[in-house]
Structures are given as structure tokens and as C-alpha cells.
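# Working through the structure, step by step
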Amino acid sequence: MTVNSSVKHKRGTSAQWAVATYVLKDGELGIDTTLSKIKIGNGVSLWPALPFVTAETTGATGPTGPTGATGPTGATGPTGPTGATGPTGATGATGAESTIPGPTGAASTVPGPTGPTGPTGATGPTGATGATGADSTVPGPTGPTGADSTVPGPTGPTGATGPTGANGIDGATGSTGPTGPTGPTGATGADGAHGIDGATGPTGPTGATGSTGPTGPTVDAPLTLTQSSNDANYPLTISSANQQGGGTGFSDVLKIVNSKSGATNINKHFRITDSGSLELVNSAYTAGIFTVSDIGNVYTAGAINSATIGDTGWNTVPGFNNNFTSGGSAPAYRRINNVVYMRGNLNGGTGNTTAFTLQAGYRPSTDMVIAAQQLGTANINYVTVYTDGRVVPNASSTWLTGVNFPIG
């Protein structure tokens, strides 16, 4: 009797094996259908920790495959010796004699027909079995291939890190910082000894009173200066070579006064340094408090809260693609200065497809591939952020917390 049977082994793509939690039993085969390679379980390790079976390495003996179909019958062996003749059966009863005499013929030279044979006696014992024929040299047909595995295959090994690019050209040297405030004036020296006063001279004649100068124009607030033509003179130009406080290296151009009753620190002074920086000086005219250089660098004497400069705050992802959803911690992103930060996690999507898209202003200038932890495991996967804003994990679930990148 021919028995048709088949054996199915665990199988899956490289991506499916990479996230599989199934542990192959000791000696159990697993097939990577992406790489057409085999691993053999040890009953302990997950798929990524097992080595592939190679032509140079003999793995553990696999389970016995199914018996192939019975090959064609071999040639008949030689006939065994004839068994001993069984005992002769009893002679059957003689039939009744005819009552009609036949004519007497000439004496026949041919013997008459033999009477009917009596019943056959019991069969004698079977003779010894002849020798078995030689095994067939024609292989039986291969059994059918098992169904595809539903176990995911492992992720392929990470490629070697590419060489570091050449250093970029050094940027231009920044402009010289603003000149520090002038130090306090030294104490006045002691007066010398006073000489003897001379006699008072006679009073000279009073000079003639000079004529009164013309009254300047009256300016009523508010003051509006208008220039309606392009490339004409500026509506207001302040030109100064004035230096207050005995300092050097700058020219004072404008003083602003708060004349409101009860106001304090009412003065602010603007001046331009000889190197072209615009400075704002404190009310006492003892220190510069804010400077903008001619190339746009900004300096301040006070503290700056760097956590809020250029901080957009967290933006929740408005929608997902390719079946991705929040894995329990809502994905969000923010930009502080020129760095974008992400948080939260993703789950349930299709690996290597777009999970969501970042809006303009949060996208890198070059494609970024960033390592991240797979959700629910200690495995590492990768998240690619493209210049068009697409966020593409290479797994179906991942953490986004720690995925940071510059946009400049």
C-alpha cells in the first residue's frame, strides 16, 4: 500500500523572522524564504541568534523525511524449491454404467477417455519463500512541497558604516565683540597750595548785547516723516561724531528718554561702533546691554532662556498612513532652534512604508536614517526621515522617543 505524506517546516521572510518570538525546537528546521537559507533550532535561541546552515558547516541531523512512493517491483527472484507433494486425495465415485449398449466397433488402437477426476485432495504445505529481488535503482517521486511558513524571517545584518565625509570648509571668523564699558575715572589728585591772591583789577565795561537769533521751528508730536520716492534721500538721517563719557571707538547717535512721572532708568542710548556694530547702552551710560554686529551676530549682557528661543512646542501627529496607529504613547514632534525632536510610539503598520508626514519647517535637508528601539522588545530597528517629510520605520512597530535630527 502506498502512503502519500508531506512534512512542512517553519518558514517566513527575513522581515517576518526578525520580529518573530517563536523559538525553534531542538533540531527543528526554519526556512528564510527571502534568502533561501535554513537555520536549525536549539530549543532556546530566537531566530536572529541562530546561524544559517552553510555548505561548509554540517548542522544537526534533520528529521527523517517522508518515505517516497514505492519504486517499481524488482526482477522476480529465482523460484524456491518445490514443496513436498501433498497426499493423493481419495478417488471419486465411479459414474453409473450406461444401459444402452453401443455398437461394437473395431478394436481401437486409441485409449478411451479418462473418467472424471475425483475431488482435489487437501493442499500440501507451502514451500520455502524464494530469495527477495534486488532493491530498485529508480528513486520514487518527491512528495509535495509544504505550505508557506507564517513565521516572519529575520532582518538582514546591518551594513558596514560608510566612511566619514571630509570636513567642511571652516566658516568665516566672527566679528570682534563689543568694547567693554569704560572703567571708572580715577580719584582727583589733591589741590596744590593756594598762592596769595592778587589785587582785584577794575571791572571792565559791559559789552553790547548781541542780537537774538531766529527761533527754531516748532515740532508738534506726533512727528511723521514721509518719503514717497524710491532711491531718494532717507526720511531721516542721523550723522554723529559725538562721543559721550570720554570713551573711544564709537559715536553716539540717539538718546531716548522716558519723561513719564515716576519712571526709573529712563534713558537709553544708541551708538555705532567704529567697526559698524549697533549698541544699546544702559541708563547710567556705564555698560552696553545689547549689540548687533554688522553681519547679524547678536550679543547680550543678560541671560537668555535658550529653552524657549525658537521652540515651537509639541505638535501631535494629525493622521497616520498604512495602518500605523499610536502604540499607547501619542506620537508628536517639536523644533527647538534647528533641531527636531520626536516622542511617542507607533504600532500595527506595514514596515518600510510611510507612517506619517512632517509638515514643512520640520524636515531635514538630507535623508536621515536613525536607530530606534522596537516597541515591546529590546531589538533595534531604524526610522528613515526623508527631505519631503515622510517618516518610514522598517518595522511594524517602533518607539519615536529619541529620534532627533537637524533641519539645517
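Thresholds applied
Residues numbered from 1 in each chain as written. Predicted model: local features only at pLDDT ≥ 70, side-chain atom pairs only at ≥ 80, totals over all residues. Heavy atoms only, no water. Core = buried A, V, L, I, M, F, W, Y, C linked by side-chain atoms within 4.5 Å. Buried < 20%, exposed > 50% of the residue type's maximum accessible area, 1.4 Å probe, protein only. Helix = DSSP H or I, 4+ residues; strand = E, 2+ residues; numbered from the N terminus. Contact = heavy atoms within 4.5 Å. Pairing = 2+ DSSP bridges. Phe/Tyr/Trp six-rings, centres within 6.5 Å; stacked < 30°, edge-to-face > 60°. Lys NZ or Arg CZ within 6 Å of the ring centre and 35° of its normal.

Our focus in this paragraph is the nonpolar core. In a soluble, globular protein the nonpolar side chains are often hidden away together inside. Within the largest apolar cluster, 18 residues are counted, with the highest numbers of intra-cluster contacts made by Tyr 333, Met 342, Phe 356, Leu 358 and Phe 405. Within the residue set of this core, elements represented by two or more residues are strand 12 (339–343), strand 15 (368–373) and strand 16 (380–385). The contacts of Leu 358, once residues within four sequence positions are left out, are Tyr 333, Met 342, Arg 363, Val 385, Gly 389, Val 391 and Phe 405. Counting residues in each nonpolar core, the second largest holds 6 residues, with Trp 17, Ala 20, Leu 50 and Val 151 among its members.

Note that Gly 296 resides in the loop between strand 7 (288–292) and strand 8 (298–300). The sequence separation of Gly 296 and Ser 277 amounts to 19 residues, and the corresponding C-alpha distance is 9.0 Å.

Pairing is antiparallel in the open sheet, where 4 strands are placed in the order 14-17-16-15. On the outer flanks of this sheet lie strand 14 (356–357) and strand 15, each paired with one strand and no other. Here strand 15 runs beside strand 16; their pairing, made up of 6 bridges, is antiparallel. Paired with Ala 372 across the strands is Asn 381, a residue of strand 16.

Moving on, we come to the side chain of His 269. Along the chain, the position of His 269 falls in strand 5 (residues 267–273). Overall, His 269 belongs to the buried group, its relative accessible area being 9%.

Attention now moves to the packing of aromatic side chains. Under the defined criterion, the tally for this structure stands at 4 aromatic pairs. An angle of 80° between the planes, with centres 6.1 Å apart, marks the rings of Trp 47 and Phe 52 as edge-to-face. Judged by relative accessible area, Trp 47 falls into the buried class, the value being 1%. Taking the relative accessible area as the measure of exposure, Phe 52 reaches 25% and is therefore partly exposed. Each ring, one from Tyr 333 and one from Tyr 362, has its centre 5.1 Å from the other, and the planes form 75°; the classification is edge-to-face. Linking Tyr 333 in strand 11 (residues 332–336) with Tyr 362 in the loop between strand 14 and strand 15, this pair joins segments that are 29 residues apart in sequence. Ring pairs connect the aromatic residues Trp 17, Trp 47 and Phe 52, which therefore count as one cluster. Over the face of the ring belonging to Tyr 362 we find Arg 335, whose NZ or CZ atom lies 5.4 Å from the ring centre.

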